[in-house]
Amino acid sequence: MNTRLSFLLDGAEVPFTPGQSVIQAALAAGRYIPHLCYHPEFTPHGSCKLCTVRADGRPAAACTLPARAGLQVDSETEELRALRRTLVQMLFAEGNHFCPSCEKSGNCVLQSLGYDLEVHTAGFRHFFLDRPVDASHPDILLDFNRCVLCRLCVRASEEVDGKGVFYLGGRGVQRRLLVSSESGRLADTDIAVTDKAVEVCPVGVILRKHVGFAVPIGRRRYDVKPLRERALEDAPRGEEGTHG
Amino acid sequence: MSTPPLTPELEAVLDRHGRDPTRLVQILREAQELAGWLPPPLITALARALRLPRARVEGTAAFYSFLYLRPAGRYRVLFSDNVTDRMQGSEALLDQLCERLWAEKGRVTEDGLVYIDTTSCTGLCDQGPGLLVNGWAIPRASRERLDLIAGLILEQRPLAEWPAELFHIDHPIHRRDLLLAEPPTAGEALAAVLAHDADGSGLLAQVERAGLRGRGGAGFPTARKWAACRQAPGAVHYVVCNADEGEPGTFKDRVLLAEYADLVLEGMTLCAYVLGAGRSPTQGLIYLRGEYRFLLEHLQSALARRRAAGLLGRAICGRAGFDFDIELHLGAGAYVCGEESALLESLEGKRGVPRNRPPYPVTHGYLGQPTVVNNVETFCAAAVIARHGAEAYRARGTPDSPGSKLLSVAGDCARPGVYEYPFGVTVREVLADCGAQDAQAVQVGGPSGTLVGPHEFDRRIAFEDLATAGAFTVFGPQRDLFEVVRNYVHFFAHESCGFCTPCRVGTAILRGVMDKIHAGRGARHDLEQLEQVERAMRLASHCGLGQTACNPLRDLRTRFRPTLERRLASLDFAPAFDLDAALARARAFTGRDDARAHLHTDTLAS
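A. Quick look at the sheet that holds strand S7 (residues 282–288) of chain B. Residue and element names in this part refer to chain B. Read from one edge of the open sheet, four strands run S8-S7-S6-S9, paired in parallel fashion. Each having just a single partner strand, strand S8 (326–330) and strand S9 (371–375) make up the two edges of the open sheet. Direction aside, the axes of adjacent strands within the sheet are offset by 20° on average. Pairing of strand S6 (residues 237–243) with S7, which is carried by seven bridges, proceeds in the parallel orientation.

Shown next, in the form of structure tokens:
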């Protein structure tokens, strides 16, 4: 056997295979780095910046940073924890998030990140953006108020469903999730309730109709186990990283 | 969904671009010139014709300020909203035009005739306020000129029939050095290089010896960039000229493209010779900002002249195997496209969102091929080096910043325009030359640069001191620097592409806080929030826009703090008065000392 490739994450060795990103290798090795727009099944996007680490001193998103032998990665530092808290606060201030009334409560990645990072308030003034819901589709509800612009549904619709139902339009804080049909309504697209795009939303934007609150709050995904445990369970592992 | 067939004019647009999806931004721009806006069925039809997902086409169109997915009026009047335009009275002029035309800012009139709004700096700061009417630049807005424009709009006269004088733009140059010293003769630098350099390695070494650094602001060594690209394997090596001059207050590239087009094109051709070693295929692209639409035909004819003279095309200057040509690409209103990887995305017909790096453009640039992206001025400097030699070039400037720099001088000064200085010139010298008395501050390098006050006017324009892409905006004593910075903060909030959380949300929070302070409701807590947001933006923003967007605020806070604090309604303070201690006598009278006889700040808060 040739020597195992590895880098250091907060001082501890993390093995990797060539082609892996820092976050892939870390999660596979049982080491959690907070993230939101990263999803193991899709091309990394690198936009939420929750997974920002310092690699050899330079800030970089761990999901788009290729793992390199000997790299020194810092993640659990006070500076980066403060950054992640600020980013989560920013997302809570930008969107219209009312966890107690949201069907996704307990299954929501943003909410769980808030708990994980001990973010108790948005801190900043809320933007109160006007984002009307789209209830046109018989089986799917779109509540844009909760969108965090992770682009997972765009990626899923393009990469898995082969449909291109969603896109992100606008710029700056006007940037928002849109439906690509001439009417702009979901009912006028070929989306199906079984599409990957419907399943992948980490927050409460894309919801299945007729099944609301089927699992009671308190028994949901992140109610039962915290986010960091779930993220490690979901991480694909090669033979290299199964020791975790 | 039934899609109406495309009109013959649209078919012609598609054909002219070879139905190539990478030409999408150009196709959308031209389609809009025909229809005035981009209606949903047109998006569907273009998507089908280009075999692109409809969402791709719509998402791209939705990114650019000058592409409209809703009816935008037959006349679109956009007032340049740089701080220099405001200093020249643009806000009152906008109100005047709105009143005259019964229009409301930011809303198309009921009859669909006119739309009046603001836009980011149009690069006419030396002759502002600037306007764009249906994409065509008009300088020196005044009450009289706007009366004339209002009349033309009410008569519904086509733009082609408007007096040409309205669109006349001057290109004032007040100081010339290495670059601007003599009018370039097309082909001279090329001939000099081809005479003794068989594969471009000589020129590369010369550029290295000259110590040329990129003029876009970052100052990356040009020779290192060219060498890395030359070594990178690829089917085609691309030379891209970044003419997306969007930094508010900058206009020197406008002047170079208008008056020194041959120098720019010569520099690009020389770069191509280095990249392709005179043997392997090279191709050039100029990304011209949409605001400079008026330069398009001028540049096209410069290209045609060079082709006719054998300076572009096949076997340049008779050298077999040295083939190179240049295509023009027009932007559509997005500051972020000045960032080189966003610019490449836009060139490929996509949204101008900066790429994840590595890989870098020198190995994986335009269409994944090795690409050099340089500023307009950098290519000019390369041509000057090729013509006059590295030693002559190094003789000017400082050891760390050889050569000269073009400055776009505007604001409170007697002679705005372009000034070329050797690097190392002090702020004070420039102020004296442009006729600026009593300046209280100068914004060097635009909002993403540095705001300096009088105690720093002996600092030097150089990469090792005040680095700049070229803006030099002067503020006289009558200006409120808080409002200057607030204008810049609004600019970044408008131009953030929205891709990453820290910049998208951060720039909007900063705007909100600055507006709150402006309204007289600021407190110390707001300054703390500004700093919290700034830390996140500097650390985690995806590109230079977000990382530098806080610079004006940083400078206001550190160099002009009283200007900022004067605007606060209250400074947080800890009272010297101790409530609990004040109750000591009462406790003594009643003989109590239990917990409920004490006041604690935490019980007070609950």
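B. Spotlight on the packing of helix H12 (residues 261–276) of chain B against helix H15 (residues 376–388) of chain B. All names here are of chain B. It is at 7 Å that the axes of H12 and H15 come closest, and there the two elements cross at 75°. Between H12 and H15, the crossing angle belongs to the class labelled roughly perpendicular. The segment H12 lies against H15, with Leu263, Val264, Glu266, Gly267, Met268, Leu270 and Cys271 engaging Val376, Phe379, Cys380, Ala382, Ala383, Val384 and Ala386. Grouping the amino acids of the contact of H12 with H15 by side-chain chemistry returns twelve nonpolar, one polar and one charged.

C. Seen up close, the pattern of salt bridges. In this structure the tally under the stated criterion is 77 salt bridges over all chains. Two residues, A:Arg68 and A:Asp56, come together in a salt bridge whose shortest N-O distance is 3.5 Å. Separated by twelve residues along the polypeptide, A:Arg68 in the loop between strand S4 (58–61) and strand S5 (72–74) and A:Asp56 in the loop between strand S3 (52–55) and S4 bring together distant segments of the chain. Classification of A:Arg68 by relative accessible area gives partly exposed; the value is 47%. Take A:Asp56: its relative accessible area is 46%, and that puts it in the partly exposed class. B:Arg486 is the partner of B:Asp515 in a salt bridge, and the nearest nitrogen-oxygen pair spans 2.7 Å. In this pair, B:Asp515 sits in helix H19 (residues 501–518) while B:Arg486 sits in helix H18 (residues 481–495), placing the two residues 29 residues apart along the sequence. Assessed through its relative accessible area of 26%, B:Asp515 is described here as partly exposed.

D. Focus on the interface of chain B and chain A. Facing the 42 residues of chain B at the interface are 38 residues of chain A. In total, chain B and chain A occlude about 3300 Å² of area from one another, counting both sides; carbon and sulfur atoms represent 57% of this. Our enumeration of links across chain B and chain A arrives at two salt bridges. A salt bridge links A:Glu94 to B:Arg504, with the nearest nitrogen and oxygen atoms 2.8 Å apart. Inspection of the region where chain B meets chain A yields 23 residue pairs in polar contact (both at pLDDT 80 or more).

E. Quick peek at empty space enclosed by the protein. All names here are of chain A. By the definition in use, this model includes six cavities of 30 Å³ or more. A volume near 130 Å³ is recorded for the largest cavity. Of the residues that constitute the lining of the largest cavity, the class distribution is six nonpolar, eight polar and four charged. Taken as a whole, the second largest cavity spans an internal volume of roughly 100 Å³. In terms of lining, the second largest cavity is formed by 13 residues, of which the most central are His97, Cys99, Cys102, Cys108 and Arg146. Looking at the lining of the second largest cavity residue by residue, the class counts come to seven nonpolar, four polar and two charged.

F. Looking closely at the packing of H12(B) against helix H13 (residues 296–308) of chain B. All names here are of chain B. Running from N to C, H12 and H13 cross one another at 60°; their axes reach a closest spacing of 10 Å. Taken together, H12 and H13 sit at an angle that is classed as oblique. When the axes of H12 and H13 are compared, the crossing they make is right-handed. For the pair H12 and H13, contact is made by Ala261, Asp262, Leu265, Glu266 and Thr269 and by His298, Leu299, Ala302, Leu303, Arg305 and Arg306, respectively. For the contact of H12 with H13, the residue count by class is five nonpolar, two polar and four charged.

G. Expanded view of the side chain of B:Thr44. For B:Thr44, the location among the structural elements is in helix H3 (residues 40–50). Only 2.8 Å separates the side chain of B:Thr44 from the side chain of B:Arg54, close enough to count as a polar contact.

H. Representation of the environment of A:Asp10 within the structure. Residue and element names in this part refer to chain A. Assignment of secondary structure puts Asp10 in the loop between strand S1 (6–9) and strand S2 (12–15). The sequence separation of Asp10 and Glu76 amounts to 66 residues, and the corresponding C-alpha distance is 6.8 Å. With sequence-adjacent residues up to four places away left out, Asp10 is seen in contact with Arg31, Val73, Asp74, Ser75 and Glu76. In this structure the side chain of Asp10 is engaged in a polar contact, spanning 2.8 Å, whose partner is the backbone nitrogen of Ser75. A polar contact of 3.0 Å, which involves the side chain of Asp10, links it to the backbone nitrogen of Glu76.

Reading the values: rules and limits
- Residues numbered from 1 in each chain as written.
- Chains lettered and ligands numbered in written order.
- Predicted model: local features only at pLDDT ≥ 70, side-chain atom pairs only at ≥ 80, totals over all residues.
- Heavy atoms only, no water.
- Pairing = 2+ DSSP bridges.
- Helix = DSSP H or I, 4+ residues; strand = E, 2+ residues; numbered from the N terminus.
- Axes fitted to C-alpha atoms, helices over the stretch in contact; angles between N-to-C directions.
- Parallel < 35°, antiparallel > 145°, perpendicular 65-115°, else oblique.
- Contact = heavy atoms within 4.5 Å.
- Nonpolar A, V, L, I, M, F, W, Y, C, P; charged D, E, K, R; others polar.
- Salt bridge = Lys/Arg side-chain N within 4 Å of Asp/Glu carboxyl O.
- Buried < 20%, exposed > 50% of the residue type's maximum accessible area, 1.4 Å probe, protein only.
- Buried area = accessible area lost by both parts, 1.4 Å probe.
- Polar contact = N/O pair within 3.5 Å; in protein donor to acceptor, adjacent residues only side chain to side chain.
- 1 Å grid on protein atoms, 1.4 Å probe; cavity = no way out; pocket = protein on both sides within 12 Å on 5 of 7 lines; lining within 4 Å.
- Points joined across faces, edges and corners; volume = space filled by probe spheres on them.
- Left-handed = near helix turned anticlockwise from the far one by under 90°.

These figures come from the coordinates and say nothing about function on their own.
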